[in-house]
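Chain by chain, the residues:
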Amino acid sequence: FSRVSRQKRPKHSHCESMAATFAPNLSGCGLPGAGLPGPKPAGKKPLSQEQVALREWCLGEDGRAQAESTVLLHVSHSNLKKTFFQEIRLDMHMKIERVKHKLEFHTGTSASSAQLYLLDEVGNAIAECEDQKMLGFYSPYDGCRLHIVDLDPNSASAGGWLEDVSLVKKYEISEEAYNQRENTYRNFKAKKLAEDPTWSLKADMESRAGKGAVQQAFPGHAAGKVDDEEHQGEKAASIKVGDRCEVAGGRRGEVMFVGKVGELPLGWWVGVKYDEPVGKNDGSVKGVRYFESGEGYGGFVRPDLVEVGDFPEDDPFADLADEM
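Rules and cut-offs
Residues numbered from 1 in each chain as written. Predicted model: local features only at pLDDT ≥ 70, side-chain atom pairs only at ≥ 80, totals over all residues. Heavy atoms only, no water. Buried < 20%, exposed > 50% of the residue type's maximum accessible area, 1.4 Å probe, protein only. Helix = DSSP H or I, 4+ residues; strand = E, 2+ residues; numbered from the N terminus. Pairing = 2+ DSSP bridges. Axes fitted to C-alpha atoms, helices over the stretch in contact; angles between N-to-C directions. Contact = heavy atoms within 4.5 Å. Patch = residues over 30% accessible without salt bridge, like charges linked within 9 Å, V, L, I, M, F, W, Y side chains within 5 Å. Areas by Shrake-Rupley, 256 points an atom, 1.4 Å probe, with all protein chains shown as cover. Salt bridge = Lys/Arg side-chain N within 4 Å of Asp/Glu carboxyl O. Core = buried A, V, L, I, M, F, W, Y, C linked by side-chain atoms within 4.5 Å. Polar contact = N/O pair within 3.5 Å; in protein donor to acceptor, adjacent residues only side chain to side chain. Phe/Tyr/Trp six-rings, centres within 6.5 Å; stacked < 30°, edge-to-face > 60°.

A. View of the pairing of strand β11 (residues 298–301). Neither face of β11 is left uncovered, since the one carrying G298 and F300 and the one carrying G299 and V301 both have all their residues buried. Two elements, strand β8 (residues 268–274) and β11, share four bridges in a ladder whose sense is antiparallel. The partner of V272 across the bridge, within β11, is G299.

B. The sheet that holds strand β3 (residues 114–119), seen in detail. Ordered by their spatial adjacency, five strands build an open sheet running β2-β1-β5-β3-β4, and the pairing between neighbours is mixed. Where the open sheet ends on each side, the last strands, each with one partner, are β2 (85–91) and β4 (125–128). Direction aside, neighbouring strands of the sheet carry axes that sit 35° apart on average. Across the face of the sheet, helix α3 (residues 96–107) comes into contact with β1 (70–77), β2, β3 and β5 (145–150) while running at roughly 145° to β2.

C. Up close: a nonpolar patch on the surface. A contiguous nonpolar patch, built from Y185, F188, L201 and M205 and spanning about 360 Å² of accessible area, is present on the exposed surface. When residues of the nonpolar patch are traced back to their parent elements, those giving at least two are α5 (185–195) and α6 (201–217). As for its placement among the helices and strands, M205 is situated in helix α6. Classification of M205 by relative accessible area gives partly exposed; the value is 46%.

D. Quick peek at the sheet that holds β11. A sheet is described by the order of its strands in space; here five strands give the open sequence β11-β8-β7-β6-β12, paired in antiparallel fashion. Whereas interior strands pair on both sides, the edge strands pair on one side only; in this sheet they are β11 and β12 (306–308). Neighbouring strand axes in the sheet, compared pairwise and without regard to direction, differ in orientation by 45° on average.

E. Broad picture of the environment of N281. With respect to the secondary-structure elements, N281 resides in the loop between β8 and β9 (284–285). Along the primary structure N281 and G299 are separated by 18 residues, whereas in three dimensions their C-alpha atoms are 5.8 Å apart.

F. Region of interest: the pairing of β5. Here β1 pairs with β5 via four bridges, running parallel. Opposite S76, over in β5, you have H147 as the bridge partner. Looking at chain direction, β3 and β5 are connected through six bridges and run antiparallel. Its bridge partner lying in β5, L118 is registered against L146.

G. Spotlight on the nonpolar core. Core analysis: the largest hydrophobic core is formed by 21 residues, its most contacted members being L73, V75, L90, V99, L103, L116 and L146. Listing elements by their share of this core, those giving two or more residues are β1, β2, α3, β3 and β5. Filtering out sequence-adjacent residues up to four positions away, L103 remains in contact with V75, I88, G108, L116, L146 and I148. Counting nine residues, the second-largest nonpolar core is a separate cluster that includes I239, C245, V270 and Y274.

H. Representation of the side chain of S284 in the model. Take S284: it is sitting in strand β9. A distance of 2.6 Å separates a polar atom in the side chain of S284 from a polar atom in the side chain of D282. Non-local contacts of S284, meaning those with residues more than four positions away in its chain, are made with R289, Y290 and F300.

I. Summary view of the packing of aromatic side chains. Considering all chains together, one arrives at seven aromatic pairs under this definition. For the pair F188 and W199, a centre-to-centre distance of 5.7 Å together with 85° between the ring planes defines the contact as edge-to-face. Residue F188 is found in helix α5, and its partner W199 is found in the loop between α5 and α6; the two are separated by eleven residues along the sequence. W199 sits in the buried class, given a relative accessible area of 13%. Plain terms: the ring middles of Y290 and F300 are 5.7 Å apart, the flat faces sit at 80° to each other, and that makes the pair edge-to-face. Note that Y290 is positioned in the loop between β10 (288–289) and β11 and F300 in strand β11, a separation of ten residues in sequence.

J. A look at the pattern of salt bridges. All chains considered together, the criterion is met by eight salt bridges. Two residues, R244 and D275, come together in a salt bridge whose shortest N-O distance is 2.7 Å. Of the two residues, R244 sits in strand β6 (residues 244–247) while D275 sits in the loop between β8 and β9, which places them 31 residues apart along the sequence. Classification of R244 by relative accessible area gives partly exposed; the value is 23%. Each of the salt bridges in this network shares a partner with another, and the network as a whole consists of D282, R289 and E292.

This is the structure we're talking about:
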């Protein structure tokens, strides 16, 4: 969160006076879109510049507001070599003893058996923390690390017991005993292959999870192999690049491509850049790029799964104008 936005803030008794506090242009504080008018929700009164500034201040750079007395610290543990706790939010007025109790829920090390060390962002020791001093006494800053040394030789985490699964005794069963059981995957697979030699678990799971639901919602959607190069061409003709759309499942975005994709089955496809990371690619298929989007924001779907129209990007603050 920007340090400029974490400066001490005066208290106000009314929302209007609070909004007025942030009326000046915030473009210099590093907040995205600060000082610019917000999106206009469909059928609702647009946000004022003061309301936009207040919204941006509440969200911060990463969507989280942070009080001036809190700090984001990473946490590592002497017994947990593979586990690293990212950005645990702590109040600098907390005593180290209380910090230990809080971390006990994350690491399992009791407060009485934990010794805390404050390290900088590259792992250099800053201080050995004493129980009765406040966290702020050691002047931690965002990105520092609290390292826990577990002093209990009988700790459950000692010797890698919480991370190394090879240390855990596994249940084993002989082949003869397994073959005597009836409801096993081996028998299930043999039965399926006897019914259909081309059966596979992956295809069966895909059919149950997704394709069945799509077929039920869109009866005309092809479930099997497509041999027609113009498959869904008529439907694709009603869709053009730049259209706002909603894809089956409620995923909204913008149409970025309409056409045939040589790396996919025959027929017409629609390339969509989603508003949220609900896609499967970045606008490319097997190394061939068809449009630009962030990783996980792109996807290609059949035209019959796309509905174009007035589908604005969802704004979680759309009702703010009515509440102010």
